[in-house]
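# Survey of secondary and tertiary structure
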Amino acid sequence: MGMTAERADTLHGLVEEQARRAPAAVAVRCGERELTYGELDERANGLAALLAERGLAPGGRAAVALGRGTEVYVALLAVLKAGAAYVPLEPSAPDALLRHVLADAAPHVVVTEEAHRVRLADAGGAQPVCVDTAARAGAPFVPPPVGPDDLACVFYTSGSTGLPTGALVEHRNLLAAHEGWREVYGLTAADRILQTASLEFDVFTADWVRALCTGATLVVAPYNLTLDRTADVALLPELVAAERITVLELNVRTARRLTALLAGTVGTRAGDTRAGGALPGVRLLTVGAEKWYLDEQLGLQRLLGEDTRVLNVYGLAEATVDSTYFDAQGTAAADGAERVSLVGRPFPGTRVYVLGPNGTPVPRGRLGEIAVAGGGLTRGYLNRPVETARRFVRADFDPDGRVLLTGDLGVLRADGVLEFTARAEAVVGPLGPQRATTVLAQVRAAARAEAALRGHRAVREAAVVEVVPAPGKRLLVGYAVIAPGADPADADPADGTGGAGGTDGWSLSQYLRAQLDGRSVPAAVVPVSELPRTRAGKLDRAALPLPAPPEHTAPARPGAAGSRTTGSRKAGARTAGSRKGGGKAGGGGGSAGSAGPASCFAVAVVVLGAFFAAVTADVFFPGARDLSAVPSGYHFGFELLYRCEDLSFGAGTAFLFFGLPAVLRQGRPVRLSLLTYLSVVWLLASWWPQDNLYRLTSATDWPRETAMVLVFNIPLMLAAVVVVTFLLSRPRTPAKR
């Protein structure tokens, strides 16, 4: 039986086509419970009729809050068939999250089950429809007209940097995404796709769309690997084998746990292939949701073998889940694989750009903000017109004239492969109305330090972010998860630290200082047992502990291992807790609170600059410092003035070489920071030439006097205004939760 043009343009229409093509084929399986495509379609029709009777009209919204099982897919399809959009909601979510989503989405009904009815009713005022106790509809279902531009669902983002916001996803968006998945993943009706994600996350929808719109079987894992931190990843290979899984997607955290399991030593670094097994029958494993380094991807690819494709996928809910992918199959290990994350090329129908501060594409090889365009681009945000206008912008360089600013920074390499650098807000905190390109320098420095830190042989996982230990003060801080069994006193003479190869905070800071050649070294490195995670499994920046003051962590005698161990123990005693609780931990690297090589160089440049100014003053300005006509009683005052001019010139020269990182660390916008940096250099260094030239200029030499005013006086006033503006502007601070 053919499908009408109307149904061909809807998500549920594709599932209905599969039901007509193979009604007896298994659509969903969870444990011993199964639904065929025919049963799934019939039950969805019945529930859609009931929802329509309960007041769910075409164009409306229905929250779906059901536990793991087969009924949730009946409910999702029923909402779509009724012409409405579903809002996926995990019934076990915290009360605050339930209240926020239900208040923001304002659904007409909440499709749930009796076990969750009371809690959901308390969280919001929408009418509950319990699928396990509700009566059948009184009349047959009459499907309303639904088109590709109608709303299909509302994805609430994970809220890693604030409250979740609802992305408005249309049928055409998910249809375009399905076409891309079908082509790149090679999906067929013979596939068995494992569902491990939680209902509230966009990957959950991606899994069922891939399966049910293709005619494949969706196998629901009995445990939730995203939210259930006690779920044993060791059960995954057994489940994969028993259910004959061919395709599955994992988040980065779970992929790392799986890699450790297959490598035979839980907790070891990716790429350790001393022992291990595989996932029998799996032809495709995709990993996403966070930065996944190339060495980790290649390590898992080696463990699984050439029969399995291992993809690193990148995307946002606002662009319908997945936008780019990188296939590790056939990729040889290369130097620096532990320092880069490759997210590859766009899915069919998707376009990706890297934009500069002016909002236009930058040349290949340049760092900029990743922008996405194409069929997956959603309407925008529910109830957030300002945020929609800020993130979904006009773009004359794109065929559709519209792109999504992701807030992520990356590089489009010469070979066309997209390299992911970092999510800007994950490094520096919420940006508000500012573009991600305003913090390029900070994010680049953090990414470089993070890559270097995870290169330490004892570090299993690392993160480098900016923290705010006090209002107006921002520090770049590293966090390191030490691999089990690492010897705290184990030194590597080749790491450039002079033998300070331990795993306490101070030693790791010295390691970074050597690796980074003193460039943008984090103020401290904090060893932690695990990195804190959000519900979505991503790094929880707000829960990271603050570093202890440098004097509490640096060893009394740097060459003494005993002192270093003492410093580590002192720091380790304070790692418990989070920023909310005032927890502090870790070791300072000396870059934030103690003198180091950079400070010595700066002092040396000041002295050399002052000496240069004093020696060459009579060369460049002959006679400017001649005191023969000045009474001897006033010589001291003039000599003091000349020495101050020389020192000011030396200080300006030193600030020119060493001042920019200090200005950028204050957290003001990049353009203002650069102007301030140049203004301070001018305010300090210009007195030497200016005063000497003034002393040589006749009071009635008006052309020269005018030139001096334009060259020196007015720029000095403007420089002072810039510095005052910098001091009065507010630095970016993370939003409170």
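It should be emphasised that the depicted structure is a prediction, and the values quoted were computed from it without experimental measurement. (Residues numbered from 1 in each chain as written. Predicted model: local features only at pLDDT ≥ 70, side-chain atom pairs only at ≥ 80, totals over all residues. Heavy atoms only, no water.)

Tallying secondary structure elements over the chain gives 21 helices and 26 strands in all. Counting the 737 residues in the chain, one finds 54% classified as buried. Put simply, of all contacts in the chain between residues at least 6 apart along the chain, 68% involve residues at least 24 apart. When the accessible area of the chain is evaluated, it comes to approximately 30500 Å², of which 59% is carbon and sulfur surface. (Helix = DSSP H or I, 4+ residues; strand = E, 2+ residues; numbered from the N terminus. Buried < 20%, exposed > 50% of the residue type's maximum accessible area, 1.4 Å probe, protein only. Contact = heavy atoms within 4.5 Å. Areas by Shrake-Rupley, 256 points an atom, 1.4 Å probe, with all protein chains shown as cover.)

It is worth spelling out the packing of helix H19 (residues 670-685) against helix H21 (residues 702-728) at this point. Their axes nearest at 9 Å, the elements H19 and H21 cross at an angle of 135 degrees. Here H21 runs oblique to H19, going by the angle between their axes. Regarding H19 and H21, the two cross each other, and that crossing is left-handed. Where H19 abuts H21, its residues Leu672, Ser673, Leu675, Thr676, Ser679, Val680, Trp682 and Leu683 lie against Val711, Phe712, Pro715, Leu716, Ala719, Ala720, Val722, Val723, Thr725 and Phe726. Each residue belonging to the contact of H19 with H21 can be placed in one class, and the counts come to 14 nonpolar, 4 polar and no charged. (Axes fitted to C-alpha atoms, helices over the stretch in contact; angles between N-to-C directions. Parallel < 35°, antiparallel > 145°, perpendicular 65-115°, else oblique. Left-handed = near helix turned anticlockwise from the far one by under 90°. Nonpolar A, V, L, I, M, F, W, Y, C, P; charged D, E, K, R; others polar.)

Moving on: the packing of aromatic side chains. Summed over all chains, the structure comprises 15 aromatic pairs. Ring centres of Tyr185 and Phe347 lie 5.9 Å apart, and the angle between their planes is 75 degrees; on these two criteria the pair is classed as edge-to-face. Of the two residues, Tyr185 sits in helix H7 (residues 171-185) while Phe347 sits in the loop between strand S15 (341-346) and strand S16 (350-355), which places them 162 residues apart along the sequence. By relative accessible area, which is 1% here, Tyr185 ends up buried. Phe347 gets classed as buried once you look at its relative accessible area, which sits at 3%. Taking 6.3 Å as the distance between ring centres and 85 degrees as the angle between the ring planes, the aromatic pair formed by Phe620 and Trp688 counts as edge-to-face. With a gap of 68 residues between them, Phe620 in helix H17 (residues 597-620) and Trp688 in helix H20 (residues 687-696) connect regions that are remote in the sequence. (Phe/Tyr/Trp six-rings, centres within 6.5 Å; stacked < 30°, edge-to-face > 60°.)

Once that is clear, we can look at the pairing of strand S21 (residues 459-470). Counted residue by residue, S21 has 9 buried out of 12 residues, so it is predominantly covered. In the sheet, S21 pairs with strand S22 (residues 473-482) via 9 bridges, with the strands oriented antiparallel. The residue of S22 that forms the bridge with Val464 is Gly478. Linkage of S21 to S22, two consecutive antiparallel strands, is achieved through a turn of 2 residues, within which Gly472 is found at a positive phi near 80 degrees. (Pairing = 2+ DSSP bridges.)

This part is about the pattern of salt bridges. Applying the stated criterion to the full structure yields 41 salt bridges. Residue Asp295 is joined to Arg454 by a salt bridge in which the shortest nitrogen-to-oxygen separation is 3.0 Å. Here the residue Asp295 occupies a position in helix H11 (residues 294-304), and Arg454 occupies one in helix H14 (residues 440-454), the gap between them amounting to 159 residues. In this structure, Asp295 and Arg454 share a single accessibility class: buried. One network of salt bridges, in which partners are shared, links Arg256, Glu290, Asp295, Glu296, Arg454, Glu461 and Arg533. (Salt bridge = Lys/Arg side-chain N within 4 Å of Asp/Glu carboxyl O.)

An ideal rise of 1.5 Å per residue puts 16 Å on 12 residues; helix H10 (residues 252-263) measures up with 16 Å between its terminal C-alpha atoms. Considered for burial, the residues of H10 that qualify are Val252, Thr254, Ala255, Arg256, Leu258, Thr259, Ala260, Leu262 and Ala263. Contact partners of the buried residues in H10: helix H9 (235-243), strand S11 (247-251), strand S12 (284-288), H11 and S21. (Expected span 1.5 Å × (residues − 1).)

Further remarks concern the confidence of the model for the chain. Residue-level pLDDT values for the chain average 86, and 86% of them are 70 or greater. Note on residues 589-595: pLDDT is under 50 here. Beyond four places in sequence and across chains, it has 14 contacts. Predicted confidence is poor over residues 733-737, with pLDDT under 50, and the contacts of this stretch with residues over four places away or in other chains come to 12 contacts. (pLDDT = per-residue confidence, 0-100.)

Here S11 lies mainly inside the structure; 5 of its 5 residues are buried. Bridge count between strand S9 (residues 192-195) and S11: 2 bridges; the pairing is parallel. Among the inter-strand pairings, Ile193 is bridged to a residue of S11, identified as Val247. Examined bridge by bridge, S11 and S12 share 5 bridges and lie parallel to one another. Pairing of Glu249 across the sheet is with Thr286, part of S12.

Right, let's get into the side chain of Glu296. Assignment of secondary structure puts Glu296 in helix H11. Here Tyr293 takes part through its backbone nitrogen, which lies 3.0 Å from a polar atom of the side chain of Glu296. (Polar contact = N/O pair within 3.5 Å; in protein donor to acceptor, adjacent residues only side chain to side chain.)

Structurally, Arg643 is set in helix H18 (residues 635-664). When its relative accessible area of 36% is taken as the criterion, Arg643 is described as partly exposed. A C-alpha to C-alpha distance of 9.4 Å links Arg643 and Phe611, two positions 32 residues apart in sequence. If near-sequence neighbours (up to four positions away) are discounted, Arg643 is found in contact with Ala614 and Arg625. Reaching out from Arg643, the side chain makes a polar contact with the side chain of Glu639 at a distance of 3.0 Å.

Below, the discussion takes up the environment of Cys644. In this structure, Cys644 sits in helix H18. Taking C-alpha positions, Cys644 is 8.8 Å from Ala610, a pair spaced 34 residues apart along the chain.

The next subject is the environment of Val354. When you line up the elements, Val354 lands in strand S16. Remark: the alpha-carbon pair of Val354 and Glu369, spanning 15 residues in sequence, is separated by 5.3 Å. If we skip the residues at most four places from it in the chain, Val354 touches Thr360, Pro361, Val362, Arg366, Leu367, Gly368, Glu369, Gly410, Val411, Leu412 and Leu418.

Turning our attention to a nonpolar patch on the surface. Together, Val709, Leu710, Val711, Ile714 and Leu718 give the surface a local cluster of nonpolar side chains, amounting to about 420 Å² of exposed area. One can find Val709 in helix H21. Overall, the relative accessible area of 33% leaves Val709 in the partly exposed class. (Patch = residues over 30% accessible without salt bridge, like charges linked within 9 Å, V, L, I, M, F, W, Y side chains within 5 Å.)

A negative phi angle characterises most non-glycine residues, just as the trans form characterises most peptide bonds. Backbone geometry places Ala289, a non-glycine residue, at a positive phi of 90 degrees. Structurally, the position occupied by Ala289 is in the loop between S12 and H11. The class of Ala289 is partly exposed, set by a relative accessible area of 46%. For Val321, which is not a glycine, the phi torsion comes out positive at approximately 80 degrees. Position of Val321 among the secondary structure elements: in the loop between strand S13 (309-314) and strand S14 (324-327). On the basis of relative accessibility, which here comes to 4%, the residue Val321 falls in the buried class.

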